[in-house]
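Structure assessment
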Amino acid sequence: MKRRSLFLNFSAGFGFLFLYAPIIALIVYSFNKSKLVTVWGGWSLKWYGELFRNEQIIDAALLSLKIAFISATAAVVLGTMAGFVLSRFGPFRGKMILSGWITAPLVMPEVITGLSLLLLFVAMEGLFGWPSGRGTGTIIIAHVTFCMAYVAVIVQSRLASMDETLEEAAMDLGAKPSSLFFLVTLPLIAPAIISGWLLSFTLSLDDLVIASFVSGPGNSTLPMVIFSKVRLGVTPEVNALATIMIAIVALGVIAAMFQMRRQARLLAKPE
Amino acid sequence: MSTSTGSAWINGPSSRMTKYNFLSRINWGRLAVVAVPALWLAIFFFIPFLVVFKISLSETAIAIPPYTSIVEWDLEEAYLALKLNLGNYLFLIEDAFYLDAYLSSIKIAAISTFFTLLVAFPIAYMIARSEGGKRALLLALVILPFWTSFLLRVYAWMGFLKKNGIVNEFLLSIGLIDQPLVMLQTDFAVYLGIVYTYLPFMVLPLYSALEKMDMTLLEAAEDLGARPVTSFFLVTLPMAIPGVIAGCLLVFIPAVGEFVIPALLGGSDTLMIGRVLWDEFFLNRDWPMASAVAIVMLVVLVLPIMLIRNGQGKEEA
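Residues numbered from 1 in each chain as written. Chains lettered and ligands numbered in written order. Predicted model: local features only at pLDDT ≥ 70, side-chain atom pairs only at ≥ 80, totals over all residues. Heavy atoms only, no water.

**With respect to unusual backbone geometry**
Residue and element names in this part refer to chain B. In the Ramachandran plot, Gln 185 falls in the positive-phi region, its phi being about 60 degrees despite a non-glycine side chain. Structurally, Gln 185 can be placed in the loop between α7 (166-173) and α8 (187-211). A relative accessible area of 52% means that Gln 185 is categorised as exposed. Positive phi values are uncommon outside glycine, yet Arg 285 reaches one of about 55 degrees. Looking at where Arg 285 falls in the secondary structure, it is placed in the loop between α12 (273-282) and α13 (287-316). (Helix = DSSP H or I, 4+ residues; strand = E, 2+ residues; numbered from the N terminus. Buried < 20%, exposed > 50% of the residue type's maximum accessible area, 1.4 Å probe, protein only.)

Below you can see the structure in the form of structure tokens.
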């Protein structure tokens, strides 16, 4: 028994080392003075300065944030509707098909999603004159489409694990479906909606392949700029950018953990 | 005869009644809640595949958009012709390059999925066995990299694997090798990249399957004299199967179509279909060919797996 747990600890420890070693190296080398990524030239904040002077990166980052914000918000609305339908509408004709539909974007290879959306936009432009050209709008539509699937799955599983008696009680007291949803159900699934929004936000911020297909000239998102920089060669300011992004995410996750622990304590008190 | 007309007279209004009731029973609010997401997906997810299919049957042209129309019609002469070009598909079969790309994608995705499972299992098992606070922390540690940029995580490996990268410098300094190993731009780097970036997708379903497992079963197995290895293969592994299947599908399908990892970590000889499609589209500007590659990938690789997955969902429900 003891030997097995030693083996388990060793292999799990290896797994965690595997997960974090490249990230830690990236962070350390972002403070490297030398232009050569592998030669250590002493500590320096030089690349952070370079990063903030690089207008191309700043513009792309702002565009990506804007797209991610709008996409995540729209995806949350549509995904919540879809998740709600799947878990609260009881059995209805075509439910199996609908649930297959909603989860299909999750497993579709990105190159296919990107290509098919672009060809749709081109065909639509030929038929209706809309969307004229590609840019921010088409990227948002594409991101909403694949993000809403994630939101739907999260909301659906939250609703499935939730007791229906509160909703039934509200109905017995004469609540109309719409007020029932906004006054009872929505506050109860708020954590799922928040995590769905955050997930959509990061997925949108992270997407390279689909955005490359559906964006037009002059609409380069941050991943597109990073990708071309990385392909061209050594770019130490990308290390600095990665470090900033990792720091923001880590702070967010830590804050969320504290918030969750506080909530759990609050909920535990009455009992 | 009189009875039949009588019943028709009686049935007539009542059937109209039910129709009327049926209409009034449609809950329009409810319908809207179903219809909005369904319509969105129909327009922006399903119709696109029909468009791709249509374009895969057209010919490349130097025009905007760069393909020919498959329908020719003339209203005055009442002439309508459908011109379907199967050449793209024939070319896919004839040219061994594409077949090799499909096969090599499947091979790379399958091998990487297997190694992802190997790395993920101990992690998931350990998390499922730890206590409350520690469990939450370990889970957060697995999810944290998933929230950071995929592209930057792949880029981090470039710094590790290149000729004068961290791994080679380390191995040279301790004298284990006297020539730097070639790791970047090999299939090995692609496997590593896929295992690394998709690890959370494997750990999470495995964890949720293992978490549900009843520990007393392991004790019972031990009491009955099973050695740890035996009880692992006879008790733990069968219980984890749903998680294993879910995790493998979540890793395998996107890995087959992967573009970023082979483009950054793979060599010029690393053949993956996602990259072929990308090059066909962006470099060769051959939209009909890229569409045909996508359709075949969809029909041969993705659709069967999605149907199996859906079938399993039905069984569970």
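There is more to say, and it comes next.
**Thoughts on the packing of helix α4 (residues 96-129) of chain B against helix α5 (residues 132-147) of chain B**
Residues and elements named next belong to chain B. Two numbers describe how α4 lies on α5: the axes approach to 8 Å, and their chain directions differ by 155 degrees. With respect to each other, α4 and α5 are oriented roughly antiparallel. Counted together, Ile 123, Met 126, Ile 127 and Ala 128 of α4 and Lys 134, Arg 135, Leu 138, Leu 139 and Val 142 of α5 form the full contact between these two elements. Residues of the contact of α4 with α5, tallied by class, amount to 7 nonpolar, no polar and 2 charged. (Axes fitted to C-alpha atoms, helices over the stretch in contact; angles between N-to-C directions. Parallel < 35°, antiparallel > 145°, perpendicular 65-115°, else oblique. Contact = heavy atoms within 4.5 Å. Nonpolar A, V, L, I, M, F, W, Y, C, P; charged D, E, K, R; others polar.)

**What about the packing of helix α3 (residues 55-88) of chain A against helix α2 (residues 28-56) of chain B?**
Viewed as axis vectors pointing N to C, α3(A) and α2(B) meet at an angle of 120 degrees, and their least axial separation amounts to 9 Å. Here α2(B) runs oblique to α3(A), going by the angle between their axes. Regarding α3(A) and α2(B), the two cross each other, and that crossing is left-handed. Facing α3(A), whose interface residues are Leu78(A), Met81(A), Ala82(A) and Val85(A), α2(B) presents Ala32(B), Val33(B), Val34(B), Val36(B), Pro37(B) and Trp40(B). (Left-handed = near helix turned anticlockwise from the far one by under 90°.)

**A closer look at the interface of chain B and chain A**
Taken together, the contacts link 78 residues of chain B with 75 residues of chain A. With both chains or domains summed, chain B and chain A bury close to 7,600 Å², and 83% of this area falls on carbon and sulfur atoms. Linking chain B to chain A there are 0 salt bridges. On inspection of chain B and its partner chain A, the count reaches 6 residue pairs in polar contact (both at pLDDT 80 or more). The element contributing the most residues to the side of chain B that touches chain A is α2(B), with 20 residues. Tallied by class, the residues present in the side of chain B that touches chain A amount to 65 nonpolar, 8 polar and 5 charged. (Buried area = accessible area lost by both parts, 1.4 Å probe. Salt bridge = Lys/Arg side-chain N within 4 Å of Asp/Glu carboxyl O. Polar contact = N/O pair within 3.5 Å; in protein donor to acceptor, adjacent residues only side chain to side chain.)

**What about helix α10 (residues 222-232) of chain A?**
What sets the pattern is the α-helix's 3.6 residues per turn: residues three or four places apart point alike. Residues and elements named next belong to chain A. Burial analysis of α10 places 8 of its 11 residues in the buried class, the great majority of the element. All buried positions along α10 are accounted for by Leu 222, Pro 223, Met 224, Val 225, Ile 226, Phe 227, Lys 229 and Val 230. Of the residues trailing α10, Gly 233 is marked for its positive phi of about 145 degrees.

**Comments concerning the packing of aromatic side chains**
What the rule picks out here adds up to 30 aromatic pairs over all chains. Look at Phe213(A) and Phe281(B): their rings are 5.2 Å apart centre to centre, the planes differ by 55 degrees, and that puts the pair in the tilted class. Placement of the pair is Phe213(A) in helix α9 (residues 209-214) and Phe281(B) in helix α12, with the two residues belonging to separate chains. Under the relative-accessibility criterion, Phe281(B) is labelled buried at 2%. Ring geometry for Tyr198(B) against Phe201(B): centres 5.8 Å apart, planes inclined by 45 degrees, an arrangement best described as tilted. One end of the pair is Tyr198(B) and the other is Phe201(B), both in helix α8 and 3 residues apart, which spans about a single turn. Here Tyr198(B) falls in the buried class, since its relative accessible area comes to 7%. On the accessibility criterion, Phe201(B) (22% relative accessible area) is partly exposed. (Phe/Tyr/Trp six-rings, centres within 6.5 Å; stacked < 30°, edge-to-face > 60°.)

**Structural notes on the side chain of Asn219(A)**
Residue and element names in this part refer to chain A. Here Asn 219 lies in the loop between α9 and α10. Judged by relative accessible area, which is 15%, Asn 219 ranks as buried. A distance of 3.2 Å separates polar atoms of two side chains, one belonging to Asn 219 and the other to Thr 136. Not counting the four nearest positions on each side in its chain, Asn 219 is found in contact with Leu 63, Arg 134, Gly 135, Thr 136, Ile 139 and Met 224.

**Points about the environment of Val154(B)**
Residue and element names in this part refer to chain B. By secondary structure assignment, the location of Val 154 is in helix α6 (residues 150-161). We classify Val 154 as buried; its relative accessible area is 1%. The spatial distance from the C-alpha of Val 154 to the C-alpha of Glu 94 is 35 Å, given a sequence separation of 60 residues. Setting aside its immediate chain neighbours within four residues, Val 154 contacts Thr 197, Ile 261, Leu 264 and Leu 265.

**Focus on empty space enclosed by the protein**
Overall, the coordinates contain 3 cavities of 30 Å³ or more when judged by the stated rule. A volume near 50 Å³ is recorded for the largest cavity. If you trace the largest cavity, you find it lined by Ile23(A), Leu26(A), Ala242(A), Met245(A), Ile246(A), Thr148(B), Ser149(B), Leu152(B), Arg153(B) and Ala156(B). When contributions to the lining of the largest cavity are tallied by element, the ones reaching two or more residues are α1 (2-29) and α11 (236-268) of chain A together with α6 of chain B. (1 Å grid on protein atoms, 1.4 Å probe; cavity = no way out; pocket = protein on both sides within 12 Å on 5 of 7 lines; lining within 4 Å. Points joined across faces, edges and corners; volume = space filled by probe spheres on them.)

**Section: the pattern of salt bridges**
A side chain of one charge can pair with a side chain of the opposite charge if their charged atoms are brought near each other. Within this structure, the stated rule accounts for 3 salt bridges over all chains. Its salt-bridge partner being Arg134(A), residue Glu125(A) comes within 3.6 Å of it at the nearest N-O pair. According to the relative accessible area criterion, Glu125(A) is partly exposed, its value standing at 28%. Salt-bridge contacts for Glu211(B) lead to Arg135(B); the nearest nitrogen and oxygen are separated by 3.9 Å.

**Quick notes on a negative patch on the surface**
All names here are of chain A. A cluster of acidic residues, Asp 163, Glu 164, Glu 168 and Asp 172, forms a negative patch on the protein surface. Mapped onto the secondary structure, Asp 163 falls in the loop between α6 (136-160) and α7 (165-172). What makes Asp 163 exposed here is its relative accessible area of 52%. (Patch = residues over 30% accessible without salt bridge, like charges linked within 9 Å, V, L, I, M, F, W, Y side chains within 5 Å. Areas by Shrake-Rupley, 256 points an atom, 1.4 Å probe, with all protein chains shown as cover. Lys, Arg positive; Asp, Glu negative; His and termini not counted. Charge placed at Lys NZ, Arg CZ, Asp CG, Glu CD.)

**A few points about the environment of Pro262(B)**
Residues and elements named next belong to chain B. Within the fold, Pro 262 resides in helix α11 (residues 260-265). Residue class for Pro 262 comes out buried when judged on its relative accessible area of 0%. Measuring from C-alpha to C-alpha, the distance between Pro 262 and Leu 250 comes to 18 Å, with 12 residues separating the pair along the chain.

**Some words on the environment of Phe31(A)**
Residues and elements named next belong to chain A. Mapped onto the fold, Phe 31 is located in the loop between α1 and α2 (46-53). Distance from Phe 31 to Glu 55, taken between C-alpha atoms, is 21 Å for residues 24 residues apart in sequence. Residues contacting Phe 31, with those up to four places away along its chain left out, are Trp 40, Gly 42, Trp 43, Ser 44, Leu 45 and Tyr 48.

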